[in-house]
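The residues making up each chain are set out below.
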Amino acid sequence: MRNIHLSSVALLCLAPASAMALGLDRSGQSVDVMFEDGNYFQFSVNRAFPSVDGVDTLGFDTGDVAENFTSIEAGIKFQVTEKLSLGLMANQPYGADISYPSDGSVLLGGSNATVDSRELIALARYRINDSFSVHGGLRYTHLESDTLLSGAAYGGLSGYAASFDEDGDTGFVAGFAYERPEIALRIALTYFQGTEHDLDTTESLNGVDVGDLPGAAFGLPINPFSTETTTTVETADALNIDFQTGINARTLLFGQIRYAWYENVESAPAFFDALSDPDDEGTSLIDIEDNYSITLGVGRQLTERLSGIASVSYEPEEDDDLVSPLSPTNGQTAFGLGMSYAVTDRMTLAGGLRYVWLGDAQPETGTPDVARANFEDNHVVGLGLQVGYSF
């Protein structure tokens, strides 16, 4: 079977390019650069334009609560020997940019949350034979975040803010692959261990550090809370299954299944935990269930230098439509299109467009949970550009 030059544009369609893919996922943590021939460098930039709004239960429009964002990824792979290759990948694996306009919803207006991350993955791949290979290494993840809760739905916690200083931690990556090059078949499984971050945390209420509040505010002679504490946050373990196979000399079928374990990912700062539900230790600002996403696509080599691709993706809705106001969607379906052009025998340029239909959801607060708004018919438009270079 002839070599099908579709890998670059396929990667663009696999990239989430969505504000709310699988919890906090943004990059999908692809390691496909390790399967390129010879020495190879790849750089991509994705821009997402979410449109996410709703109506609170009092009838007030929330306004658009999801901000546009850009994610950048790069990877380089060195073919050290015929069997051994080494690679280094940089990406932004997790993120959130939610901001409720203060002049919108009475119940949630002014609330916002940001999560920023950076990651380096160092991998080695060893080919046991023409069919089987193993790969593994380390991932270093850097995380920081800020949160503000505002609006009547939060009661006495309205005006609560938490600022989390940056922290990094290391986890491992491990996987294996099966290949049949004569039919462009590859099945690769990769496991990403979650990381643990001890984030120095500053909490405040209506602009006053919690440690400076009078004890009488809590019905006590003294204030039992400290302004600065440490909050432990774990990132999700994840498993990727990437596959591709040639249908004929010019056509490739490809896809990915990703599962992320988010259920145990929590952020419970001391003051927030104590006041939000005194009887429930570990009350979290984050409430995300384990989930999976599936992508399936087909690519076609149109000319000797030009290739096109189309893909569909699906992330199922959670069983309950009640979600955190800081993540006001539930599941998604997406369609992607892309083109790749071989500028020279060494350089390839690719571009992709992705439209994402976001699932309807009801942001909630309180104990027990009470729906505060309805979010329906929302979407994201994602654009991606990528350059690949063999050297």
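Model, not experiment: these values are computed from the prediction. For every chain, the first residue of the written sequence is number 1, and numbering continues from 1 onward in sequence order. For a predicted model such as this one, the threshold for reporting local features is a pLDDT of at least 70, and the threshold for listing and counting side-chain atom pairs is 80 or more; totals across whole chains, interfaces and linings nevertheless cover every residue. Side-chain numbers here rest on the full set of heavy atoms in the structure, without hydrogens or water.

Side-chain rings of Phe, Tyr and Trp (the six-membered ring for Trp) are treated as a pair once their centres are within 6.5 Å; stacked means planes under 30 degrees apart, edge-to-face means over 60, and tilted covers the remaining angles. Within the structure shown, the criterion is met by 9 aromatic pairs. Aromatic side chains Phe172 and Tyr191 sit 5.8 Å apart centroid to centroid with 40° between the ring planes, which places their arrangement in the tilted category. Of this pair, Phe172 sits in strand E8 (residues 160-180) while Tyr191 is found in strand E9 (residues 185-192), placing the two residues 19 residues apart along the sequence. Pairing Tyr355 with Trp357 gives two aromatic rings, centres 4.8 Å apart and planes at 65°, and the pair type is edge-to-face. Relative accessibility thresholds used throughout: buried, under 20% of the residue-type maximum; exposed, over 50%; partly exposed, between the two (1.4 Å probe, protein chains only). In this structure Trp357 comes out as partly exposed when scored by relative accessible area, which is 45%. A network of ring pairs unites the aromatic residues Tyr160, Phe225, Phe271 and Phe272 as a single cluster. Positioned above the aromatic ring of Phe69 is the side chain of Arg26, whose terminal nitrogen or guanidinium carbon lies 3.4 Å from the ring centre. Numbering of helices and strands starts at the N terminus; helices are DSSP runs of H or I of at least 4 residues and strands are runs of E of at least 2. Placement of a charge over a ring requires the Lys NZ or Arg CZ to be within 6 Å of the ring centre, with the centre-to-atom vector within 35 degrees of the ring normal.

This brings us to the nonpolar core. Counting 57 residues, the largest nonpolar core has Met89, Leu108, Leu123, Leu149, Tyr160, Tyr262 and Phe271 as the members making the most contacts within it. Considering every element that reaches this core, the biggest residue donor is E8, with 5 residues. Contact definition: two residues touch when any of their heavy atoms are within 4.5 Å. Residues within four places of Leu149 in sequence aside, it is in contact with Ser111, Tyr154, Leu157, Ser158, Gly159, Tyr160, Phe272, Leu285 and Leu326. We define a nonpolar core as any set of buried Ala, Val, Leu, Ile, Met, Phe, Trp, Tyr and Cys residues linked to one another through side-chain atoms lying within 4.5 Å.

Looking now at the pattern of salt bridges. Definition used for salt bridges: Asp or Glu carboxyl oxygen within 4 Å of a side-chain nitrogen of Lys or Arg. Under the defined criterion, the tally for this structure stands at 9 salt bridges. When the shortest N-O distance is used, the salt bridge between Glu119 and Arg139 registers 2.5 Å. Residue Glu119 is located in strand E6 (residues 112-127), and its partner Arg139 is located in strand E7 (residues 132-149); the two are separated by 20 residues in the primary sequence. Overall, the relative accessible area of 0% leaves Arg139 in the buried class. Here Asp345 and Arg305 are joined by a salt bridge, their closest N and O atoms 4.0 Å apart. Here Asp345, found in the loop between strand E18 (332-342) and strand E19 (347-358), pairs with Arg305, found in the loop between strand E15 (291-301) and strand E16 (306-315); they are 40 residues apart in sequence, far enough to count as distant.

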